[in-house]
Structure formats: C-alpha cells, structure tokens
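Topology and contacts: notes
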Amino acid sequence: MRILLFLYFLAGNIHLKKKVLYKFYRSKVLKNLNRISGGPMTRVNHYPIEHDAERPPQTMSKPMDERKALGDIIDYYNRSSSAVVIQKDWKWVYLNGAALKLLGYYTLSEIEGKSIWETIDESQRTAVASRIHSLQNGINTGPSTQKWIKQDGSYVYVEVMGVPIANELGQTVALIEEKGCEEKLVEETLYHYKLITENMSEIVSLLDHEGSFLYVSPSYRDYSRDGIENEIGASSFKYVHPDDVARVKEVFAHLVKYKKPVSVKYRLLRIDGQYRWFDSRAISVQNEERYHYIVVSRDITKQKLAEKKLSVSEQKHRMIVEHSSDLICLLDLNGVIVYASPSYHSLLDYRPEDVVGKDILAHVHPDDCDLCMDVLTKLRNFREPVTVTYRKLHASGEVLTFEGKGMPVIGECGEVNRFVVISRDITEKIKIDQYKKNIEKLSVVGELAAGFAHEIRTPLTSIKGFLSLLSKDKDDKEKEFHRIINDELKKLEEVVNGFISLGKPEAINTFEVNLKMVMENAISDVQLAANKRNITVTNHVNKPIFTQCRSDQIKQVFINVLQNAIDAIEHDNGEILISITVTSENISITIEDNGKGIDHERIEYIGTPFYTNKEKGVGLGMTVSNKIISEHNGHIEIESEMDKGTCVTILLPNMIDREDVTRW
C-alpha cells in the first residue's frame, strides 16, 4: 500500500519551486559578480553534459587576481543571512556563516578545501555534477532537493538554487535552504518509494479512466515494444491475450464504476512472443476531483504451470480413488470424515455426501469401536501406518468384514493434521478361507473314513446280528439291556455311515431332478419324529421345480436340516416352514423353524467336523451337508436369533434354462 501511496503522490501537484526567491538571489549574485569582475559576465566556455565528476571543469585563465576577486565575494556574503556556498574544482572554497551553521560547522577552516563529495550524499553525485556543468555554461537548472551530510554525519535535505552564470573564475555559486520537516519527509518518502517501485519484479502502473498509462514501472520493459517512456498515454490492454481482453476490460470497467478493489488473472504477451500469466490487483485513488487507478501486476506463470501439473495429478488420483473398489476416507483429528469415496455407495449402500461430517465409528460394528479408537490413537502418537481387521454395518444391517490400513497425513511443520483410511471388503475372502479350512478338515476325515470305516462296519454288522439272536428267549430285564446295546450300535453305525459319506468322491453324474418330490420324501422320513413333538411341518412348494443334481445326496441334506430344526424346538406348537424360490441363476431352498435359535458366535462354527450343541449329536450332519452342497457348486447360509428361531437357506445353481425351470 505504501507503494500505491507513492504513485498517488506522483499523480498530485507538488509545489515546491520558489520562483520569486530564486529570481531575487540570481539577480543579487549576478550584480555582485559583475562588480567584482569589472564588467558584465558573459558566456566564455561550453562544457558537455557528459563528464567525469572527478575531472575539474575547464576554466579560462585571465590576468586577473582570482584571490582578490574571491575575497570581495566573501566580504559581501559574510554579511548575508542567506546560506551561500561556492565550489571550484569540486572543492569548497567558501561557505558563509548561514551555510556553516546549516551544515554544523563553526569555522570555514573546518571545511575549506575539502571535496564537495564529503558533504553531498553519494546517491546525488551524478546529478549534482551534471547540474554544476550546466550552471557554468549559463544553463538554468532550476531548484533541486538534495541530500547533504552534516559534520556529525547526520543527513539534511536542502533545496539548492544554483546561479546559471558563465564566468572566468571557474567557480559555482549556489544558495541553499533547509527543507521543512514535512517537505523532507515527503521527499524522502518519494525517494524510497521510487527506489522500491523501480526495482520491483511486479509491474506497477497508474491508469486513467480509459485504462491508459499515466505511469508504469521499469519492470514493464520486457513487454514494451516502444520503450517505457513511450508507453505513457498508451493503452494498458494492447498486449493482453485476445481471449482475455474482454474479461480484463470488464473487470476494469467495474473498478471505474464502483471504485471497489478488483483482481483479475490474464495472459500478457512478452517481447519474445511468449504469453505470461499475471495476477493484477487494482484500486482507485482520488486526486483532487479526478480518479486514477493503481494496478500491481504479479507474474504467476510458474504458479499456473504448477497448478496445471497439480490438477493433472489430482485428476489421475481422483480417477483412481473414484473407481477403486476399496473404501477410502479422509478424517480430521477428531475422527470425523471429511471425504468419502464413491465406493461407500457400492459397498455399504451409503451416499458419500451422507457419510461426510459423521464420526468414523458411526457405521462400525459396536464390538469393534474400541479397536478402531485404539488405531486412531496409535496413528496420532506413533505417526506410522496401522493395519486392522474390523466390521462395518451395511445400510441393510448386514455385517461386513474389512481389512483397513490407516495412515497419518503429516503437515509442513511435522504435525499430524489428517488421517487416511483405506479399507478392503474381505467378507468373501474370509468365507473362502473358512471353506478351504473345512475342505481340508473334510479331506482329513475322508482319508480316515477310507482307512477304517469299512473295517468297522463289517464287525459292527456281525455284532448286531448275533445280538439279535441272543435277545430271544430272554427275560424282560435282559431284553432291556439288549435294547440299550442295540441303540448304541445304531449310533455307532450312524457315525460310520457319516464317515463313509465324507469319504465318497465328489458328485459327478447329475440328473434332472424334481426338488418338490425330493423334499416330500425327506419330510416323510422325519414326519414321525415331528409328530412325537407336536411339530407342524408346512411345505409351501406346490409345483414341480427341476434342476440338475444327485437326488439321494440332496435328500440327505434336506433330512439333516429338517432333523436339526426338529431338535431345536423344545416347546409345543412348534412349526417348520419350507419354501423354494427360483431365479434365472439360483434355486433357493429355505427351511425355517421357531425353535430356540443359535448364538451368533456359534454360527460360524456350524459345519466344522464333530462340532455340535446337541447332547446326542455327533457333529457330522452339517459337515456332510456342506460337502454335498459344495460339490453341487452351491452353499448354505444360516441366520438365527435366540428364542425366535433359525432360517437355513440352501442355494443351488439353476442348471436348467429359464423356460424349463418349472414344469407342471
């Protein structure tokens, strides 16, 4: 703003010339020099403006006693109240009392014969030397404000009025007057501001209401074709890129109309033919009754190129983020989401804009909230990536498992100001891993079955046969013992049959089977057990449904699931509902009961060999069922709620064309 104030001063009128006083002193000096020299002073020599400030100006020698003439001048001005100085050959030859007092000297001997450059500031040297040569050639240089050095080293601003008289003595006479405090401040301020503006890399300009230059700083030289001095009065828009001219003029017109600060970015044609980007900021200033407009323009080409590269890089990364199947979010230090990737909608059915502004724990499974909070604490304290496996809640309520990696975002000062969390859905991966584990277990069990199942089954059959013979003609007590032994042998036989089923090879030959008939046969086998417990089995499958499978194996799966449902119902009015839904891709068989239900923590272990929650169970029924359905390229899903019941869904691929799925 100070630079802008300097330009404001340039736009004003500074009346510092004191023409009346100058004319008075000039006539006075001229009169005395004429008297001392014995006649009118005439122009005797011409000195060029170009000169060496150290080289004494040339003088004309006359047979006149210069010392006597100088003595007469000194006698005259010693009585003057005006400060008068006289130099010759760049040395002081005379300062009257007023001048000595102004510069802080007591006697003439303290300064007489010394170089004038010890008194005049170095920054003024070239200008002063030029003025002295002009004065000696009779040229009126007018008053000049100069910075002089006093005896104590301090500075004083003086207005110097040289007398333009050519004389034979080679001396220069000047009257000096100390500037007032306000004038000195203005002069010094103007000098400093001028020094600043002329050395700035920014282009500083002063415009009229039409956008023409009243002033432009030297930094415009790289854009001016005609030279800086010839740009005054020219349009400031002439080198603006054609595509930007209309917009720049519109912004300038807004400034002229409303007098409010404006800014605009545009391209400016440099002399070498390249366009450079500029950011110009402009204000209006009032000078008397007129308005002028100050514009400071900064080259932002490097910034624009950096922004372009950053934009390209940002677009690439945004494309990666927006098309990633992983959940990507940015958190503040409080764990609030400030950015969420579009994958939130595809994976969790939440719109990203609905997630932003919420706590990261909002959709985390309640049991994993403490774990996630610990991860954020570690990120904040240790500033290193942390990996965690946790669960999130789908919009539908489904629980999904994610593997997340959190990373701190480090600021310029080394502080943590953000967190980035990238989470991958591993729900299916966990299921596959669990499936592989079950397959491995089944493989081990199958090998065991192949090794000794048949060896056990043969003597088991013999034991049952002889036990039946021994039980004849026995009293009731012994018959009861035989019955118990026979029941235990049946259980043992069931275990052996289970082992043999596990050891059988995968189903290879499949046939077109009516699932309605298979389900009815399975219900018939368990109906007696259901009746004993007063359980109603309702089959909603009322039309034939065909698919490719092994009917005996699928029937075994139905029986195992139905028997588990019967065993789970421990109250009266038990009910089992059966339904089948067909799509173009899957056949879904649902068996639902209103039994006691299964604890969520135990559901994941169902199907593991020898795992059971029944007192008389072996733990192979669901293991065998999983194996059979897996061999048919399907899978089993279990949903349960304590004290409300369990729903088992058997999904099989639809192996028959849509038109042939259901047959009447």
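Throughout this document, residue positions are counted from 1 along each chain, in the order its sequence is written. With pLDDT at 70 or above as the cut-off, local features in this predicted model cover only qualifying residues; side-chain atom pairs require 80 or more to be listed or tallied, and sums for whole chains, interfaces and linings still use all residues. Each side-chain value is derived from all of the structure's non-hydrogen atoms; neither hydrogens nor water enter the calculation.

Here the rule is simple: two strands pair whenever DSSP picks up at least two bridges between them. Numbering of helices and strands runs from the N terminus; a helix is a DSSP stretch of H or I covering at least four residues, while a strand is a stretch of E covering at least two. A sheet is described by the order of its strands in space; here five strands give the open sequence β17-β19-β20-β22-β21, paired in mixed fashion. The outermost strands of the open sheet, each flanked by one partner alone, are β17 (535–539) and β21 (635–641). Within this sheet the neighbouring strands show an average axis-to-axis angle of 15°, counted without direction. Direction of pairing for β21 relative to strand β22 (residues 645–653): antiparallel, over a ladder of seven bridges. Within the sheet, the bridge partner assigned to glutamate 641 lies in β22 and is glycine 645. Here, residues are in contact when the closest pair of their heavy atoms is within 4.5 Å. Think of each axis as a best-fit line through the C-alpha atoms, taken over the contacting stretch in the case of a helix, with angles from 0 to 180 degrees between the N-to-C directions. Lying on the sheet, helix α15 (residues 551–568) is in contact with β17, β19 (574–582), β20 (586–593) and β22; it crosses β22 at an angle near 170°. Contacts from helix α17 (residues 621–631) reach β21 and β22 within the one sheet, and its direction differs from that of β21 by about 135°.

Below, the discussion takes up α17. Burial runs high along α17: nine of the eleven residues are buried. Summary of the burial criterion: residues with accessible area below 20% of their type's maximum are buried, those above 50% are exposed, and those between are partly exposed, where the area comes from a 1.4 Å probe applied to protein chains only. By the burial criterion, the buried members of α17 are Met622, Thr623, Val624, Ser625, Lys627, Ile628, Ile629, Ser630 and Glu631. The positive-phi residue at the C-terminal boundary of α17 is asparagine 633, with phi of around 60°.

Note on definitions: the grid is 1 Å and covers protein atoms alone; a cavity is a set of points where a 1.4 Å probe fits but cannot get out; a pocket is an open set with protein on both sides within 12 Å along at least five of seven lines; lining residues have an atom within 4 Å of a point. Grid points are joined across faces, edges and corners, and a volume is the space filled by probe spheres set on the points. The full count for this structure, using the stated rule, is five cavities of 30 Å³ or more. What lines the largest cavity is a set of 22 residues, and nearest its centre among them are Leu207, Tyr266, Ser280, Val295 and Ser297. With five residues, the top contributor of residues to the lining of the largest cavity is strand β8 (residues 262–269). Looking at the lining of the largest cavity, its residues break down into 16 nonpolar, five polar and one charged. Around the second largest cavity sit 18 residues that line it, and Val128, Ile132, Val160, Thr172 and Ala174 are the ones nearest its centre. Looking at the lining of the second largest cavity, the elements with two or more residues in it are β1 (83–88), α5 (125–136), β3 (144–149), β4 (155–162) and β5 (171–178). The leading source of residues in the lining of the second largest cavity is α5, at four residues. We call Asp, Glu, Lys and Arg charged. Ala, Val, Leu, Ile, Met, Phe, Trp, Tyr, Cys and Pro are nonpolar, and the rest, Gly among them, are polar. Here the residues of the lining of the second largest cavity are counted per class, giving twelve nonpolar, five polar and one charged.

Along the chain, arginine 276 turns up in strand β9 (residues 275–287). By relative accessible area, arginine 276 is classed as buried at 18%. Engagement of the side chain of arginine 276 in a polar contact is seen with the side chain of threonine 301, the distance being 3.3 Å. Dropping the residues within four chain positions of it, arginine 276 is found in contact with Tyr223, Tyr266, Arg267, Leu268, Arg270, Asp299 and Thr301. Here a polar contact is taken to be a pair of N or O atoms separated by no more than 3.5 Å, where protein atoms must pair a possible hydrogen donor with a possible acceptor and residues adjacent in sequence count only if both atoms sit in side chains.

With respect to the secondary-structure elements, lysine 596 resides in the loop between β20 and α16 (600–603). Linking lysine 596 and glutamate 641, residues 45 residues apart in sequence, is a C-alpha distance of 8.1 Å. In contact with lysine 596, not counting residues within four places along its chain, are Ala568, Glu570, Glu641, Met642, Asp643 and Lys644.

It is the contact of helix α14 (residues 515–532) with α15, at a shortest axis distance of 9 Å, that shows an interaxial angle of 40°. Taken as a pair, α14 and α15 cross one another with a handedness that is right-handed. Each of Leu515, Val518, Met519, Asn521, Ala522, Ile523, Asp525, Val526, Ala529 and Ala530 in α14 lies in contact with α15, whose residues at this interface are Ser551, Ile554, Lys555, Phe558, Ile559, Leu562, Gln563 and Ile566. Broken down by class, the residue content of the contact of α14 with α15 amounts to 13 nonpolar, three polar and two charged. For any pair of crossing helices, the crossing counts as left-handed if the nearer helix is rotated counterclockwise from the farther one by less than a right angle, and right-handed if it is rotated clockwise.

Moving on, we get to the confidence of the model for the chain. Chain-level statistics for the chain give a pLDDT mean of 78 and a share of 75% at 70 or above. Across residues 1–64 the pLDDT falls below 50, and counting only partners more than four positions away or on other chains, this stretch makes 118 contacts in the model. Known as pLDDT, the predictor's per-residue confidence is scaled from 0 to 100. A low-confidence stretch, residues 658–664 stays under pLDDT 50, and its non-local contacts, those more than four residues away or across chains, total 17 contacts.

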